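Close look at the chain arrangement
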Amino acid sequence: MNAVVATSVFAVFMVATVALGLLALRGRGAGGGLDEWSVGGRSLGPVFIWVLMAGEGYTSFSYLGAAGWGYNYGAPVLYVVAYMSCGYAIGYVVGPLLWSYARRHGLVGITDMVAHRFGRPWLGAVVAVLATVFLLPYIQLQITGMGVVLSVISYGAVSLNWAYFVAFAVTTGFVVVSGLRGSAWVSVLKDVLVIATLGFLALYVPLHYFDGYGPFLDRLVTEKSAWLTLPGHGGGEGGGGGSGLGEVWFISTTFLNSLTVVIFPTTVAGYLGARNADALRRNAMYLPAYNVLLFVPMLLGLAALFVVPGLAGAESNLALFKLVVDALPAWAVGVIGVAAALSSIVPMAVFMLVIGTMWGRSVLSLLPRLAHADRQKSAAQVVVVVAGSLALLLTYTAPNTLVRLSLISYEGMAQLLPMVLLALVWRRLTFRGAFSGLIVGVAVVCVLVFSGNDPVWGVNAGVVALAANLAVALAVTFAVTFAGRRDADPRPDAEVLADDLDEGEGRERAGGRGDGEYAAGPV
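Things to note about the overall build of the protein
Counting its regular elements, the protein contains 24 helices and 0 strands. Counting every position in the protein, which comprises 523 residues, the buried fraction comes to 57%. Across the protein, the fraction of contacts at a sequence separation of at least 24, relative to all contacts at a separation of at least 6, is 83%. With an accessible surface of roughly 19,700 Å², the protein has 67% of that area assigned to carbon and sulfur atoms.

Listed below in structure tokens is the structure:
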């Protein structure tokens, strides 16, 4: 009976999610072209941008991984709050720059920006392929997270294999039809449920299991003090203090991730959906408040140490749900499961949408039959289905492959920082320099991660790779310049560099040049 009630609640909310995505397209015909589907027609206001970008940051990791990390390690999990808050501060400056650049030239993603900046459409295709490798693991992890949630809240009635398929089917159908605008609308529902459920659990769990926060925190300090300092408990691999998650790791990871998150393709999709640059600035000021919620699953993971001790491996990710499944009525378990599921659907939808957009605009558009703008949206929607299907297939057949790739997702994406950010504010960075640095950075990060040297000397491997990336990019740029073979680009600065001016000012500075074209032709 509990399984029937919980899964019924879940099913009702999933139907409502798809319906809300369809409602978001009301009055917009068949959903418009690629701009409308991928960046919401660049018309989303501060509220929708806020909930959309908060939704990208609050994934199934927040319910499963954050509680699991709190359970296994303790204090090191706070890096999530640290890097996201720092990233929002950096986004206050970077967001309007990227928005203005994309708006002025009719661009819809970082692959477009790279292709436009360096005047080489094929370079956008290379970046699209590379970014897909680093984004695909996130789709698989969200499928896995949502599948685990559905299986747990159904009290085992729904098998993991069927739960994975439901996660894939709901999200794929939703994103193909509704695009970014639908994701923003559903983010409102998700945020209401997330705030309500986590607020409830933050009060309920300490009172129910410990008679209040005082006794709970006393036990935590007395019995689990190792979890309250860096490098944390350090359980699992390495044992004792061998986790490598000390102060240097914490600082370097926060530094790297806070820079990377602002150029992450899904973050940029949120930027480009904004109505104006001021919406992004206000958004950057308000978003850190949402991070307060992240303390709840972390705290519940610590509470689970006393209530359900002995969880090991992947089971530790269920620490939060182990606390609530046996203690709450089935309908409440269902509602909490819906909040966790929507925390998978919204970011997974944006990941899939971004992959589809990158390929539709920057890869498949290089083929003559798909070069026309009218066909790019259809091509992008097909790529969404293919990418989701691939992630689902590998979830069934080789889950460890993408789990291993996920280790280099953020660190690998960080290697795009010089090509995406530095190039837009420093004209002297040449194509040869940026491309050489990218190759070196990705190679170094892969070698370090897959050889088991992450962190290396306590430092996040992505920081080491990014340092090598920048060194090579600058060395090659200066070498080419001194050799007199500097890449020639006759376009004015307004066509090449980014600023935070609005569209009207941008066009005036660009000399009235139309959107979407540059020296090498349409992107």
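Structural notes on the packing of aromatic side chains
The description of an aromatic ring pair uses the distance of the two centres, along with the angle that the planes make with each other. If you walk through the whole model with that rule in mind, you get 23 aromatic pairs. Geometrically, the ring pair formed by Trp 69 and Tyr 79 is tilted, given 5.7 Å between the ring centres and 50 degrees between the ring planes. A residue pair is termed long-range when its members are at least 10 positions apart, and Trp 69 in helix α5 (residues 65–72) and Tyr 79 in helix α6 (residues 79–105) qualify at 10 residues. A relative accessible area of 22% places Trp 69 in the partly exposed class. Ring plane angle 25 degrees and centroid distance 5.9 Å describe the contact between Tyr 79 and Tyr 83, whose orientation is recorded as stacked. In this pair, Tyr 79 and Tyr 83 both sit in helix α6, 4 residues apart, roughly one turn of the helix.

A look at helix α13 (residues 277–290)
With 14 residues, α13 ought to run about 20 Å at 1.5 Å a step, and its terminal C-alpha atoms sit 21 Å apart, in line with that. At Ala 284, α13 shows its maximal bend, which comes to roughly 30 degrees, and the proline Pro 288 appears one to four places after that position. Three or more residues of α13 are buried, namely Ala 277, Ala 279, Leu 280, Arg 281, Asn 283, Ala 284, Leu 287 and Tyr 290. The N-cap residue of α13 is Asn 276: its side-chain oxygen and the backbone nitrogen of Asp 278 are 3.3 Å apart.

Some details on a nonpolar patch on the surface
A cluster of nonpolar residues, Tyr 92, Val 93, Met 285 and Tyr 286, forms a patch on the protein surface that exposes about 430 Å² of accessible area. Looking at the nonpolar patch, the elements with two or more residues in it are α6 and α13. Tracing the backbone through its elements, the reader meets Tyr 92 in helix α6.

Thoughts on the side chain of Ser 154
Relative to the helices and strands, Ser 154 resides in the loop between α8 (121–153) and α9 (160–210). Within the structure, the side chain of Ser 154 is placed 2.9 Å from the backbone oxygen of Ser 151, a separation counted as a polar contact. Ser 154 has contacts with Ala 3 and Thr 7, leaving out every residue within four places of it along the chain.

Details of the nonpolar core
Residues Met 14, Tyr 63, Ile 139, Ile 143, Phe 321 and Leu 416 are the most contacted members of the largest nonpolar core, which totals 150 residues. Counting residues per element, this core draws most heavily on helix α16 (residues 330–363), at 20 residues. When residues no more than four places from it in sequence are discounted, the contact partners of Ile 143 are Tyr 164, Ala 167, Phe 168, Met 348, Gly 388, Ala 391, Leu 392 and Thr 395.

What to know about helix α1 (residues 2–23)
Since the α-helix advances by 3.6 residues per turn, residues separated by three or four positions end up pointing in the same direction. Taking 1.5 Å per residue, 22 residues should reach 32 Å; α1 reaches 32 Å between its end C-alpha atoms and fits that length. Those residues of α1 not exposed but buried are Ala 3, Ala 6, Val 9, Phe 10, Met 14, Thr 17 and Gly 21. All buried residues of α1 project into a common sector of 140 degrees when viewed along the axis, lining one side. In this structure, α1 carries Val 12 and Val 15 as exposed residues pointing more than 90 degrees from its buried face. Taken together, the buried residues of α1 touch α8, α9 and α16.

Here's the deal with the pattern of salt bridges
In the structure shown here, the tally under the stated rule is 6 salt bridges. Between Arg 219 and Glu 223 there is a salt bridge, with its nearest N and O atoms 3.2 Å apart. Residue Arg 219 and its partner Glu 223 are located together in helix α10 (residues 213–223), separated by 4 residues, close to a single helical turn. On the accessibility criterion, Glu 223 (44% relative accessible area) is partly exposed. The closest approach of N and O atoms between Arg 427 and Asp 493, which form a salt bridge, is 2.7 Å.

Things to note about the packing of helix α20 (residues 417–425) against helix α22 (residues 461–482)
Running from amino to carboxyl end, α20 crosses α22 at an angle of 55 degrees, the nearest separation of the two axes being 11 Å. It follows that α20 is oblique to α22 by the angle criterion. In the packing of α20 onto α22, the handedness of the crossing is right-handed. Along its contact with α20, which presents Leu 417, Pro 418 and Leu 422, the element α22 presents Leu 466, Asn 469 and Leu 470.

Some thoughts on unusual backbone geometry
Between Leu 230 and the following residue, Pro 231, the backbone shows a cis peptide bond with an omega angle of 10 degrees. Mapping Pro 231 onto the fold places it in the loop between α10 and α11 (247–260). In this model, Asp 454 is joined to Pro 455 through a cis peptide bond whose omega is 5 degrees. Looking at the secondary structure, you find Pro 455 in the loop between α21 (431–450) and α22. If you check the backbone angles, Tyr 155 has positive phi at about 55 degrees while not being a glycine. Within the element layout of this structure, Tyr 155 appears in the loop between α8 and α9. Residue Tyr 155 is classed as partly exposed on the basis of its relative accessible area of 32%.

Some points on the packing of α8 against α21
Between α8 and α21, whose axes approach to 13 Å, the crossing angle comes to 15 degrees. One element, α8, and the other, α21, form an angle in the roughly parallel class. Where α8 crosses over α21, the handedness of that crossing is left-handed. Where α8 abuts α21, its residues Trp 122, Leu 123, Val 126 and Leu 130 lie against Phe 431, Phe 435, Leu 438 and Val 442. For the contact of α8 with α21, the class distribution of residues is 8 nonpolar, no polar and no charged.

So, how was this worked out
- Positions within a chain are numbered from 1, following the residues in the order the chain's sequence is written.
- Local features are withheld for residues below a pLDDT of 70 in this predicted model, meaning they are given only at 70 or higher, and side-chain atom pairs are given and counted only at 80 or more; totals for whole chains, interfaces and linings count all residues.
- To obtain the side-chain values, all non-hydrogen atoms of the structure were used and water was disregarded.
- Under the scheme used here, helices are H or I runs from DSSP no shorter than 4 residues and strands are E runs no shorter than 2 residues, and both carry numbers assigned from the N terminus.
- Each residue's exposure class comes from its accessible area (1.4 Å probe, protein chains only) as a fraction of the maximum for that residue type: buried when under 20%, exposed when over 50%, partly exposed otherwise.
- Residues are treated as being in contact if the distance between any of their heavy atoms lies within 4.5 Å.
- Only the protein chains shown count as covering a residue, and every accessible area follows the Shrake-Rupley method with a 1.4 Å probe.
- The pairing test for Phe, Tyr and Trp rings, Trp by its six-membered ring, is centres within 6.5 Å, and the orientation test on the planes gives stacked under 30 degrees, edge-to-face over 60, and tilted for anything in between.
- In this analysis, the expected span of each helix is defined as 1.5 Å times one less than the number of residues it contains.
- Note on bend: the value at a residue is the angle between axes fitted to the seven residues ending there and to the seven starting there.
- By the criterion applied in these results, polar contacts are pairs of N or O atoms within 3.5 Å in which, for protein atoms, one can donate a hydrogen and the other can accept it, and in which residues neighboring in sequence qualify only through two side-chain atoms.
- Residues enter a patch when their relative accessible area is above 30% and they make no salt bridge; the linking distance is 9 Å between like charges and 5 Å between nonpolar side chains (Val, Leu, Ile, Met, Phe, Trp, Tyr).
- Here, a salt bridge means any side-chain nitrogen of Lys or Arg that lies within 4 Å of a carboxyl oxygen of Asp or Glu.
- Residues belong to a common nonpolar core when they are buried Ala, Val, Leu, Ile, Met, Phe, Trp, Tyr or Cys residues joined through side-chain atoms within 4.5 Å.
- Here, the arc refers to the directions that run from the helix axis to the C-beta atoms.
- Interaxial angle, 0 to 180 degrees, is taken between N-to-C directions of lines fitted to C-alpha atoms, where a helix line uses only the stretch in contact.
- To sort the angles, those under 35 degrees are grouped as roughly parallel, those over 145 as roughly antiparallel, those from 65 to 115 as roughly perpendicular, and the leftovers as oblique.
- Crossing handedness is read from the near helix: turned anticlockwise from the far helix by less than a right angle, it gives a left-handed crossing, and turned clockwise, a right-handed one.
- Each residue is assigned to one class: nonpolar for Ala, Val, Leu, Ile, Met, Phe, Trp, Tyr, Cys and Pro, charged for Asp, Glu, Lys and Arg, and polar for all the others, Gly among them.

Purely geometric stuff here, so don't read any function into it on its own.
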